[in-house]
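# Results of the structural survey
Residues per chain, in single letters:
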Amino acid sequence: MRYGSKEELLRAITAEHAALMETLNQIPASRYAEPGVWGDDWTIADLVAHLSAWHRLLLRWVADGTQGAQPEMPAPGYTWRETPQLNRAIWKKYHGRPVEESMAEFSATHAEVLAYVTGLPESRILEPGHFGWTGKNALVTYVGANTASHYRFAQRVLRRWLRAATQPPLPS
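Conventions used here
Throughout this document, residue positions are counted from 1 along each chain, in the order its sequence is written. Owing to the predicted nature of the model, reporting of local features is limited to residues with pLDDT of at least 70; listing and counting of side-chain atom pairs is limited to 80 or more, with chain, interface and lining totals taken over all residues. Hydrogens and water molecules were not included; the side-chain quantities draw on all heavy atoms of the structure. Under the DSSP-based scheme used, a helix requires at least four consecutive residues in state H or I and a strand at least two consecutive residues in state E, with every element numbered from the N terminus. Both definitions apply: the radius of gyration is a C-alpha atom measure, and the globule rule equals 2.2 Å times residues to the power 0.38. Categorising residues by exposure relies on relative accessible area from a 1.4 Å probe, with only protein chains included: less than 20% of the type maximum marks a residue as buried, more than 50% marks it as exposed, and the intermediate range marks it as partly exposed. Contact definition: two residues touch when any of their heavy atoms are within 4.5 Å. The Shrake-Rupley method, run with a 1.4 Å probe, gives the accessible areas here. Residue values count only the displayed protein chains as cover. Of the two site types, the cavity is a set of points on a 1 Å grid over the protein atoms alone where a 1.4 Å probe fits but cannot get out, and the pocket is an open set with protein on both sides within 12 Å along at least five of seven lines, each lined by residues with an atom within 4 Å of a point. Grid points are joined across faces, edges and corners, and a volume is the space filled by probe spheres set on the points. Lys, Arg, Asp and Glu make up the charged group, whereas Ala, Val, Leu, Ile, Met, Phe, Trp, Tyr, Cys and Pro make up the nonpolar group; the residues left over, Gly among them, are polar. Nine residue types can take part in a nonpolar core, namely buried Ala, Val, Leu, Ile, Met, Phe, Trp, Tyr and Cys, and a core is a set of them joined through side-chain atoms within 4.5 Å. The axes used here are C-alpha line fits, helices contributing only the stretch in contact, and every angle between their N-to-C directions lies in the interval 0 to 180 degrees. In this scheme the crossing of two helices becomes right-handed for a clockwise turn of the near helix relative to the far one and left-handed for an anticlockwise turn of less than a right angle. Put simply, two rings from Phe, Tyr or Trp (the six-membered ring, in Trp's case) pair if the centres are within 6.5 Å, and we call them stacked under 30 degrees between planes, edge-to-face over 60, tilted for the rest.

Attention shifts here to the overall build of the protein chain. When helices and strands are tallied, the protein chain shows 7 helices and 0 strands. Reading the secondary structure of the protein chain in the N-to-C direction produces α-α-α-α-α-α-α. Expected size for 172 residues packed as a compact globule is a radius of gyration near 16 Å; at 17 Å, the protein chain falls within 12% of this value. Oriented by its inertia axes, the alpha-carbon framework of the protein chain measures out at about 55 × 35 × 30 Å. In the protein chain, which comprises 172 residues, the proportion classed as buried is 44%. For the protein chain, the share of sequence-separated contacts (at least 6 apart) that also reach a separation of at least 24 residues comes to 68%. Summing over all exposed atoms, the protein chain offers an accessible surface of approximately 9400 Å²; the carbon and sulfur share of this is 54%.

Structure follows, in structure tokens:
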């Protein structure tokens, strides 16, 4: 999605985060460890940990870029074409983590990204190539993908899972 201003980006991040949290809050905590939400038997806790991991990747890119380094994107040892393998590695790393830890980490990393973006002048967010590590892209490309767009994706995953869970089983 394209964002025409810093305020538009922040509004989208905030609104999509609120919508995701509303969806999560409507699901009983007892279901957060239930497999089958997405992918290879991901749970809600796994999905939330996935979002946090991508927040951390974004924050690492920013930190590396700020120090003059070229960040390894999307993560060390992975290319963009290998994103499915990276997501699988993230799942393996965090699978089985207590729900409370995943939720706390998600809240913390979301706040960290939001604070970073809030503290930047609009030109640094929207100007393509302002940061050397972003190449021809604007920072908003990476921020939007790792926040608002990712939150919308998680909402779709959860809604699909909830619909499937309420469907009667197919006859044998």
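This part is about the layout of surface pockets. Taken as a whole, the largest pocket spans an internal volume of roughly 200 Å³. Split by residue class, the lining of the largest pocket holds 7 nonpolar, 4 polar and 2 charged. Taken as a whole, the second largest pocket holds about 160 Å³ of empty space. Considering the residues around the second largest pocket, the lining is formed by Trp54, Trp61, Trp80, Thr141, Tyr142, Ala145, Asn146 and His150. Where the lining of the second largest pocket is concerned, the elements lending two or more residues are α2 (44–66) and α6 (139–146). Tallying contributions element by element places α6 first for the lining of the second largest pocket, with 4 residues.

One finds Leu9, Leu20, Leu24, Ile44, Trp61, Trp133 and Leu158 to be the most contacted residues of the largest nonpolar core, which totals 48 residues. Sorting the residues of this core by element identifies α1 (6–26), α2, α3 (83–94), α4 (99–118), α6 and α7 (148–166) as the ones contributing at least two each. Take this core: its biggest share by element is 12 residues, from α2. Leaving out residues up to four positions away in the same chain, Leu24 has contacts with Tyr32, Ile44, Val48, Met103 and Leu158.

Once that is clear, we can look at the packing of α2 against α4. Running from N to C, α2 and α4 cross one another at 35 degrees; their axes reach a closest spacing of 8 Å. You can see that α2 and α4 cross each other, and the crossing is left-handed. Residues Ala45, Val48, Ala49, Leu51, Ser52, His55, Arg56, Leu58, Leu59 and Val62 of α2 touch α4, and the partners they reach there are Val99, Ser102, Met103, Glu105, Phe106, Thr109, His110, Glu112, Val113 and Tyr116. Here the residues of the contact of α2 with α4 sort into 12 nonpolar, 5 polar and 3 charged.

Bringing the packing of aromatic side chains into the picture now. The description of two aromatic rings rests on the distance between their centres and on the angle between their planes. Tallied over the full model, the rule gives 9 aromatic pairs. Between Trp61 and Trp133, the aromatic rings sit 6.4 Å apart at their centres with planes inclined by 50 degrees, giving tilted as the arrangement. Residue Trp61 is found in helix α2, and its partner Trp133 is found in the loop between α5 (122–126) and α6; the two are separated by 72 residues along the sequence. Trp133 carries the same exposure label as Trp61, and that label is buried. Seen from their ring centres, Trp133 and Tyr142 are 5.4 Å apart, and the 45 degrees between their planes marks the pair as tilted. Owing to a relative accessible area of 12%, Tyr142 belongs among the buried residues under this scheme. Within the aromatic cluster, the residues linked to one another by ring pairs are Trp54, Trp61, Trp80, Trp133 and Tyr142.

So far we have only geometry, and geometry alone does not tell us how the molecule works.
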